[in-house]
Amino acid sequence: MVKIMWIELHSHTYYSYQQKVLYDGTCSPEQMVRAAAGMRLDALGVTDHDSLQGAVKAAKLGKKYGIVVIPGEEVSTLDGHCLALNISEVIRPRMPIEDTLDAIHSQGGIAVSSHPFDIKKEGLGEKAELCDAMEVFNALNVDRLSNKKARNFSKKNKIPGVAGSDAHHTSMLGHGTIRANAYDADSIMKMIRKGRVETVTKYPSVKTIMEFAVLRLKMSYDFTNKYIEDNYSFPKRQIAKKLLGTVNRSPGRIDYLYKGMAYASFAGVLTYSAARHVARR
């Protein structure tokens with residue numbers, strides 16, 4: 001039966017890994033599915049980095065929690081990140097975006113350009129126009145201007161726009177979502193392709209992002225400590241290891257320092273983004 005579904009398209013489990021900090025996602029597939037169902041989301045896209053492990057496990061839990069799970073992957077293409085939604089086989093990373101799109105479409109999936117204009121330049125930029133849709137809102141684009149540019153680009157080039165929370169923890173779910181008249185994963189994909197979705201958006205708090213950052217460092221402690229040892233030279237190595245060691249004192253008084261650092265980083269991101277925006281005029 002067709003109904004208005006509340007949909008989260010972009011989330012990560014602890015099967016998402018990174019080079020310097022091992023765990024990019026901090027929760028199990030079941031924790032993410034259970035949390036999504038608990039907040040009454042109707043569908044959840046699980047899109048780990050270059051992996052389907054989390055999505056496969058999450059899909060098996062959909063009926064248990066009464067939620068549609070959309071198996072997906074955030075693919076690291078040679079041109080930037082791209083969400084492959086409603087796929088059944090992993091898409092090989094580090095291919096040109098054109099080849100990546102062919103691989104996604106051959107499985108009947110759709111391609112969504114994730115955070116196309118983020119300040120870290122991990123998105124596709126103007127190559128987002130090659131995808132079936134693009135994120136016009138990514139909740140982790142805290143500078144705001146990246147999302148504004150994406151929304152303007154989407155309108156100008158008539159590319160269907162969606163939102164994504166880019167949730168790396170259960171507390172981050174529900175910040176960038178869509179609503180659509182659908183009933184399963186296939187009908188959701190159809191509505192996205194047609195641009196017949198409504199975005200529902202809000203930014204996560206600085207506290208939420210800070211707590212996630214501390215947790216992922218705790219989970220990745222030994223891995224990150226070794227990375228620092230192997231790749232940093234004096235005195236950067238000593239400073240980095242000392243700072244890393246403080247995460248084991250959280251929660252506690254050290255959190256006041258983290259909050260100060262988080263707000264300072266937030267201000268820095270806003271300033272940097274604004275300066276880039278002015279410079280390009």
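Now for a look at the structure at hand. Note that the structure is a prediction, hence the values are computed from the model and not measured. Every residue gets a number counted from 1 within its own chain, in the order that chain's sequence is written. In keeping with the predicted nature of the model, local features appear solely for residues at pLDDT of at least 70, side-chain atom pairs appear and are counted solely at 80 or more, and the whole-chain, interface and lining totals rest on all residues. The side-chain quantities take in all heavy atoms of the structure and omit both hydrogens and water.

## With respect to the packing of aromatic side chains
Pairing of aromatic rings covers Phe, Tyr and Trp, the last through its six-membered ring, and needs centres within 6.5 Å; plane angles under 30 degrees mean stacked, over 60 mean edge-to-face, and all others mean tilted. Within this structure, the stated rule accounts for five aromatic pairs. Between Y14 and Y15, the ring centres sit 5.3 Å apart and the planes meet at 65 degrees, which makes this aromatic pair edge-to-face. Exposure is judged per residue with a 1.4 Å probe applied to protein chains only, and the accessible area is read against the type maximum: over 50% gives exposed, under 20% gives buried, and values in between give partly exposed. A relative accessible area of 15% places Y15 in the buried class. Sitting over a ring, as applied to charges here, requires NZ of Lys or CZ of Arg to be within 6 Å of the ring centre and within 35 degrees of the ring normal. In this structure, R144 packs its charged tip against the face of Y203, placed 3.8 Å from the ring centre.

## Some thoughts on the pattern of salt bridges
When a carboxyl oxygen of Asp or Glu is within 4 Å of a side-chain nitrogen of Lys or Arg, the pair counts as a salt bridge. For the coordinates displayed, the defined rule picks out 10 salt bridges. In this structure, the salt-bridge partner of E122 is K120, at a minimum N-O distance of 3.8 Å. Assessed through its relative accessible area of 63%, K120 is described here as exposed. When the shortest N-O distance is used, the salt bridge between K207 and E211 registers 2.6 Å. Taken as a pair, K207 and E211 lie in helix α7 (residues 206-219) at a separation of four residues, close to a single helical turn. The class of K207 is partly exposed, set by a relative accessible area of 44%. Overlapping salt bridges, with partners in common, bring together D79, E98 and K127 in one network. Counting from the N terminus, the helices are DSSP H or I runs at least four residues long and the strands are E runs at least two residues long.

## What about the sheet that holds strand β1 (residues 3-8)?
Strands are treated as partners if at least two bridges between them are detected by DSSP. One open sheet holds the nine strands; their spatial order is β7-β6-β5-β4-β3-β2-β1-β8-β9, and the pairing between them is mixed. Each edge of the open sheet carries a strand with a single partner, namely β7 (161-164) and β9 (198-201). The mean inter-strand angle of the sheet, taken between neighbouring strand axes irrespective of direction, is 30 degrees. One ladder, built from two bridges, connects strand β5 (residues 110-113) with strand β6 (residues 133-138); its direction is parallel. Paired with V112 across the bridge in β6 is A133. Packing of helix α5 (residues 145-157) onto the sheet brings it into contact with β6, β7 and β9, and relative to β6 it is tilted by some 150 degrees. Across the sheet, helix α6 (residues 185-194) touches β1, β2 (43-49), β3 (68-76), β4 (81-85), β5, β6, β7 and β8 (176-182), and the angle it forms with β8 is around 105 degrees. Only the contacting stretch of a helix is used when fitting its axis, a line to C-alpha atoms as for every element, and angles between N-to-C directions run 0 to 180 degrees. In what follows, a contact means two residues having at least one pair of non-hydrogen atoms within 4.5 Å.

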